[in-house]
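The primary structure of each chain is shown beneath.
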Amino acid sequence: MKSNPELKLVDLPAAPLAARNLIAGEWSNGQAAARPVVSPYTGASIGTIYPASPGDVNRCVEEASKAFASWRAVPIKERTAVLLRLRELLLRDVDALAHSAARESGKLVAEGRAEVLKGIEVLEFAASLQNSDLGGALEVSRGVTCEYRREPLGVTVGITPFNFPTMVPMWMIPISLALGNAFILKPSDKVPFTPVMLGDLIREAGFPNGVFSVLQGGREIVEALAEHPGVSAVGFVGSSAVAKSVYARAGTTGKRALCLGGAKNHLLVVPDADPLVTVEGVVASFTGCAGQRCMAASVLIAVGQVDLLIEKIVEAASKVELGRDMGALIDRAAHNRLVKAIERAQAEGASIRLDGRKAAAPKGHEQGFWLGPTIIDHARPTMECGCVELFGPVLTIVRVNNLDEALRLERESPYGNALSVFTTSGAVAQYVSDNAASGMIGINIGVPVPREPFSFGGTKESKFGTGDITGAGGVELWSQRKKITAKWTVQPDKNWMS
Ligand code: NAD
């Protein structure tokens, strides 16, 4: 693999960082106990998180409700003008945001930059709503018109995971705010500092106080928000178990919710696949962000005789250097979990073609959470490495005889985020995209994330709720339709509808 000079680690901060709560436009320490946050690069503390308490949640929702009352009355063209100012600020500070995301999540700076740019793409979609027809009208009977308008919901909440400190919040914030809602972000407590930078930029852009808030913390804050009567809608992105429980909690208190969960993505490689496209696509997919992406390749299904391609994949992955081409795992627990999963695969009879446990940590970062790319071959689909989300740079290879066997494995998976096929045959690509169960399909693309204006979302346990989270799906999620039926004159030729 060619090395990219942009892919490198960042220095740790000169002074400790502080992650506070943004309520009514002011940053404040939460009422819960503060705790240190460590960098995945070194395992050393880089600052402190000051989590909110349930009392802070109440105050935040109350202030957001007040701000919503005025914000909803601002015309959409003025709301999107503020968003476009935010776009300029994000571009101004893209490097600082990229470094911050890298520092706290363990990814490379280039990966941090890419997530800011993807976030800006969602913002651009949201800003374009000022020129979209967000309603409609029709004469439904003589003299009777039906009209619908899209209206905001009220106080909306986004609960986000550790792996994309900028991008996943930005999947939700711009669309919700453009549509006239107030928005409360509850970021992962593992990456609390980049959301603070985001909060500062949102303030600087000119959003009124209380329209955007940040509440730091973990489970207690998530549950308080999901159950709060003042919250109208919840967007969640994280693991399936938590997604399911947040969806249930929000549902029992009558909220709209869309909760995106985990994944076990399959890559199908067939004998006619182009070697260059396949090797680059597979390796980038399972090693990017150290495999900590919900769209990362997890199981390579070798359809028929593709040993030569597998050799090339192993060779390319063996050249991936930690700290240069790949970042770190989020924490010690993730490292231990992955090492144990590799040990269990070995004990169950799979062969370890590439052993990331032996990879050297970058110099001076030996106490960080590093694991090199790992390839487990000749696995059975029922093994843990074949069916459980591992969320790290581990690729499991399962061998099958034909496409139908491959598609059966994908359909039987409890997850349904992404599936990619590597082939030069249009007929194979068509057959796979017609018959796969996943919500996002790639053809010769290892990470098939739909770009705006197309929406992002999987199926099965990768998503609880209807619709998708970005693009047109985001518009549906963060707004409701009001229907107005009107008549202004008495009709001489009345019918049953008049
Ligand atoms: P996580 O589920 O542990 O945390 C997600 C959010 O929920 C965080 O804000 C966290 O503070 C909070 N949380 C954690 N435990 C909780 C609990 N018991 N009750 C209530 N809230 C809780 O996920 P993570 O480890 O931060 O992120 C990795 C997971 O996210 C993976 O499973 C990955 O596949 C998934 N993910 C999915 C998508 C997608 O679009 N489907 C995108 C990114 C990540």
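Computed from a prediction, not measured in an experiment: that's the story for all the values here.

(A) Structural context of the overall build of the chain. A tally of regular secondary structure across the chain gives 15 helices and 23 strands. By the compact-globule yardstick of 23 Å for 498 residues, the chain fits well, its C-alpha radius of gyration being 24 Å. In terms of overall dimensions, the chain has C-alpha extents of about 80 × 60 × 40 Å along its principal axes. Residues classed as buried in the chain amount to 57% of the 498 residues present. Taking the intrachain contacts of the chain between residues at least 6 apart in sequence as the baseline, contacts between residues at least 24 apart amount to 76%. Of the roughly 19,900 Å² that the chain leaves accessible, carbon and sulfur atoms contribute 54%. Side chains of the chain give 52 positive and 51 negative charges; the mean places of these two sets differ by 4 Å.

(B) Main features of the environment of Glu204. By the element assignment, Glu204 lies in helix 6 (residues 193–205). Linking Glu204 and Met326, residues 122 residues apart in sequence, is a C-alpha distance of 34 Å. The residues touching Glu204, leaving out its near neighbours within four places in the chain, are Leu89 and Arg92.

(C) Broad picture of the site of the ligand. With respect to spatial proximity, 27 residues lie near the ligand, and among them Thr160, Lys186, Ser239, Gly261 and Glu389 are the closest. In this structure, Ser239 approaches the ligand through a side-chain N or O atom, which is 2.6 Å from an oxygen atom. A distance of 2.6 Å separates an oxygen atom of the ligand from a polar atom in the side chain of Glu389. Out of a free accessible area of 840 Å², the ligand has 88% covered by protein chains. Those elements that provide at least two residues to the shell around the ligand are helix 7 (219–227) and strand 11 (231–237). Per-class residue counts for the shell around the ligand are 14 nonpolar, 9 polar and 4 charged.

(D) Representation of the nonpolar core in the model. The biggest cluster of nonpolar side chains holds 70 residues, and the ones touching the most others in it are Leu268 and Ile375. Viewed by domain, this core spans two of them, domain 1 (17–261 + 462–482) and domain 2 (265–443), each represented by three or more residues. Those residues within four positions of Leu268 in sequence are excluded, and the remaining contacts are Ile301, Val303, Leu403, Ala406, Leu407, Leu419, Ser420, Val421, Phe422 and Val432. Of all hydrophobic cores here, the second largest spans 53 residues; its members include Trp71, Val94, Met167 and Cys294.

(E) Quick look at the sheet that holds strand 6 (residues 136–141). An order of 6-7-23 is seen for the 3 strands of this open sheet, with the pairing classed as antiparallel. Both outer strands of the open sheet, strand 6 and strand 23 (479–487), are each paired with one neighbouring strand and no more. Neighbour-to-neighbour, the strand axes of this sheet turn through a mean angle of 25°, independent of strand direction. The sheet contact formed by strand 6 and strand 7 (residues 144–152) spans 5 bridges and is antiparallel. By the bridge assignment for strand 7, Ser141 is matched with Val144.

(F) Fine view of the domain arrangement of the chain. Structurally, the chain comprises domain 1 (17–261 + 462–482) and domain 2 (265–443). The C-alpha-based centres of domain 1 and domain 2 are spaced at 31 Å. Tallying the contact residues gives 19 residues for domain 1 and 23 residues for domain 2. Approximately 1,600 Å² of surface area, both sides summed, lies buried where domain 1 meets domain 2, with 63% of it carried by carbon and sulfur atoms.

(G) Broad picture of the confidence of the model for the chain. With 98% of its residues at a pLDDT of at least 70, the chain reaches an overall mean of 95. Per-element mean pLDDT across the chain ranges from 92 in strand 6 up to 99 in strand 9 (residues 182–186). The low-confidence segment residues 1–7, where pLDDT is below 50, has 14 contacts with residues more than four positions distant or belonging to other chains.

Quick notes on the rules
- Residues numbered from 1 in each chain as written.
- Predicted model: local features only at pLDDT ≥ 70, side-chain atom pairs only at ≥ 80, totals over all residues.
- Heavy atoms only, no water.
- Helix = DSSP H or I, 4+ residues; strand = E, 2+ residues; numbered from the N terminus.
- Rg over C-alpha atoms; globule rule 2.2 N^0.38 Å.
- Buried < 20%, exposed > 50% of the residue type's maximum accessible area, 1.4 Å probe, protein only.
- Contact = heavy atoms within 4.5 Å.
- Areas by Shrake-Rupley, 256 points an atom, 1.4 Å probe, with all protein chains shown as cover.
- Lys, Arg positive; Asp, Glu negative; His and termini not counted.
- Charge placed at Lys NZ, Arg CZ, Asp CG, Glu CD.
- Near = heavy atom within 4 Å.
- Polar contact = N/O pair within 3.5 Å; in protein donor to acceptor, adjacent residues only side chain to side chain.
- Nonpolar A, V, L, I, M, F, W, Y, C, P; charged D, E, K, R; others polar.
- Core = buried A, V, L, I, M, F, W, Y, C linked by side-chain atoms within 4.5 Å.
- Domains from an automatic or database assignment.
- Pairing = 2+ DSSP bridges.
- Axes fitted to C-alpha atoms, helices over the stretch in contact; angles between N-to-C directions.
- Buried area = accessible area lost by both parts, 1.4 Å probe.
- pLDDT = per-residue confidence, 0-100.

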